[in-house]
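Observations on the model geometry
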Amino acid sequence: MGVGYDSDENTVEECPLADGLRLVAKQELREDDVIRTHSLRAMRNWIRKHPDIVNCRTDAPFLLRFLRTKKFSVPMAQDMLERYLVIRQLYPQWFSKLDVDDPVISDILDSGYLVPLPGRDEFGRCVMFSCAGRFDPYKYTSADMARVHALIGESLMDDAENQIKGYSYVNDESGLLMGHMTLWSFSDLKRIIRCLQSSTPMRHKSTYFINVPNFADKFFTATVSFLNSKLKSRVKFYSGQKDIQKFIDPKYLPKEYGGEVPLATMIVELKKKLRAKREMLMALDDMKINVNGKGKIISEFDDMQKELTGSFRKLEVD
């Protein structure tokens, strides 16, 4: 049943955490040794009995992605895991074949479009840094962009500190072109946002946009409107990179942004880490769930078409 590190449902894993991290996990996620062990057993038992799950990882790092994201509400973690498996099969063009050595993915990584920064923000969160101008919208597709995000995200999700403290996102929109805004249809944009906020086991804590050109204001307003209220409240827009230095130690930014490490060095280190995890990342495609075409998850994505009609109309009126 498991992919990767398989475990019997009665196995008790050692999940050592540094004292500071253990305290954060207890205060923010209600996590302790007893709750964690009980929850992992419940998750494995549920997977084993699930009528539609054919194959799924059952190791602690994987299951803790969902449990920690949902603050150890087992039913909510189960729901998110089911959604995660379903969207991987509904949208393989976005979430499968996450191979660092794929020529297209490798080229996009080399461009410096997206890198996790070597240091963390003021709250200890992993920081994902992107620069729109480094992604060529006339050479690559929206699916290529999604797979790069999925690849890097999946490579980080098993890390306990990332699971507990979450993620911050810094998006430099300088160099944004009309091609970037037409890369995604509004229907696909809303679908992938729905996937990220309801099906991806990551604690999205803050999102910063800098250098957004005036011509893109309406596009970003519409995009943010697709987020749920919690994530909307965590989105901030700033005029330049100096504002970001209030939240992230400048030394951790790429050298091109006033930091100490050149972006090229960050890219080399990123690809080295991705290659070390290549087998695990490719094995994610071995997981499988039988998708119920009339189930609630499919229905939710179908219902988005009605919502999107209103979104398009609002854009036209504005």
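Look up: the structure comes first, before these words.
In what follows, the accompanying structure is described. The model shown is predicted, which means the values in this text are computed figures rather than measured ones. (Residues numbered from 1 in each chain as written. Predicted model: local features only at pLDDT ≥ 70, side-chain atom pairs only at ≥ 80, totals over all residues. Heavy atoms only, no water.)

A closer look at the overall build of the protein chain
Scanning the protein chain from N- to C-terminus turns up 16 helices and 7 strands. Relative to all contacts within the protein chain whose residues are 6 or more apart in sequence, the contacts with residues 24 or more apart total 79%. When the accessible surface of the protein chain is totalled, it reaches about 15,000 Å², and 53% of it is carbon and sulfur. (Helix = DSSP H or I, 4+ residues; strand = E, 2+ residues; numbered from the N terminus. Contact = heavy atoms within 4.5 Å. Areas by Shrake-Rupley, 256 points an atom, 1.4 Å probe, with all protein chains shown as cover.)

Quick word on the pairing of strand β3 (residues 126–131)
Across the 6 residues of β3, 6 count as buried, placing the element largely inside the fold. Neither face of β3 is exposed, since C126, M128 and S130 on one face and V127, F129 and C131 on the opposite face are all buried. Of the pairings in the sheet, the one linking strand β2 (residues 114–120) to β3 comprises 4 bridges and is antiparallel in character. Across the sheet, R120 pairs through a bridge with C126, a residue of β3. What sits between the antiparallel neighbours β2 and β3 is a turn of 5 residues, in which G124 has the positive phi angle 80 degrees. Sheet analysis places β3 next to strand β4 (residues 167–172), joined by 6 bridges and oriented parallel. Each bridged residue has a counterpart across the sheet, and for V127 the counterpart in β4 is S168. (Buried < 20%, exposed > 50% of the residue type's maximum accessible area, 1.4 Å probe, protein only. Pairing = 2+ DSSP bridges.)

Here's the deal with the sheet that holds β2
Overall, mixed pairing links the 5 strands, which are arranged β2-β3-β4-β5-β6 in an open sheet. Edge positions in the sheet fall to β2 and β6 (235–238), since each of these pairs with one other strand and no more. Ignoring strand direction, the axes of neighbouring strands in this sheet form an average angle of 20 degrees. (Axes fitted to C-alpha atoms, helices over the stretch in contact; angles between N-to-C directions.)

Re the packing of helix α2 (residues 33–49) against helix α3 (residues 60–69)
Direction vectors running N to C along α2 and α3 enclose 105 degrees, while the axes themselves pass 10 Å from each other. The angle between α2 and α3 falls in the class roughly perpendicular. Note on element contacts: α3 touches α2 through A60, L63, L64, L67 and R68, opposite R36, S39, L40, M43, R44 and I47. Its residues assigned to classes, the contact of α2 with α3 comprises 7 nonpolar, 1 polar and 3 charged. (Parallel < 35°, antiparallel > 145°, perpendicular 65-115°, else oblique. Nonpolar A, V, L, I, M, F, W, Y, C, P; charged D, E, K, R; others polar.)

Quick word on the layout of surface pockets
Of the pockets and cavities examined, the largest pocket occupies roughly 480 Å³. Surrounding the largest pocket, 22 residues form its lining, P116, L117, P118, L156 and K273 being those nearest its centre. Looking at the lining of the largest pocket, the elements with two or more residues in it are β2, β3, α7 (142–156) and α14 (263–276). The leading source of residues in the lining of the largest pocket is α14, at 6 residues. Of the residues assigned to the lining of the largest pocket, the class counts are 12 nonpolar, 4 polar and 6 charged. When its volume is computed, the second largest pocket comes out at roughly 350 Å³. Taken together, 16 residues make up the lining of the second largest pocket; nearest its centre are T69, K70, M202, K230 and R234. Of all the secondary structure elements, the ones that give two or more residues to the lining of the second largest pocket are α4 (74–90), α10 (186–198), β5 (204–210) and α12 (229–232). The class makeup of the residues in the lining of the second largest pocket is 5 nonpolar, 5 polar and 6 charged. (1 Å grid on protein atoms, 1.4 Å probe; cavity = no way out; pocket = protein on both sides within 12 Å on 5 of 7 lines; lining within 4 Å. Points joined across faces, edges and corners; volume = space filled by probe spheres on them.)

Brief notes about empty space enclosed by the protein
For the coordinates displayed, the defined rule picks out 2 cavities of 30 Å³ or more. Of the volumes computed, that of the largest cavity is approximately 1,200 Å³. The wall of the largest cavity is formed by 47 residues, among which H149, N171, I193, L196 and F209 lie closest to the centre. Secondary structure elements with two or more residues in the lining of the largest cavity: α4, β3, α7, β4, α9 (178–181), α10, β5 and α11 (217–225). Here the element with the most residues in the lining of the largest cavity is α7; it accounts for 6 residues. Tallied by class, the residues present in the lining of the largest cavity amount to 30 nonpolar, 12 polar and 5 charged. Volume-wise, the second largest cavity comes out at about 30 Å³. Lining the second largest cavity, in full, are R65, T69, M157, N162, Q163, Y167, P201, M202 and R203. At the level of secondary structure, the elements contributing two or more residues to the lining of the second largest cavity comprise α3 and α8 (160–165).

Digging into the environment of I289
Here I289 shows up in strand β7 (residues 288–289). For I289 and Q89, which are 200 residues apart along the polypeptide, the C-alpha to C-alpha distance reads 7.9 Å. Non-local contacts of I289, meaning those with residues more than four positions away in its chain, are made with H50, D52, I53, V54, E82, L85, V86 and Q89.

Keep in mind these numbers describe shape, not what the thing actually does.
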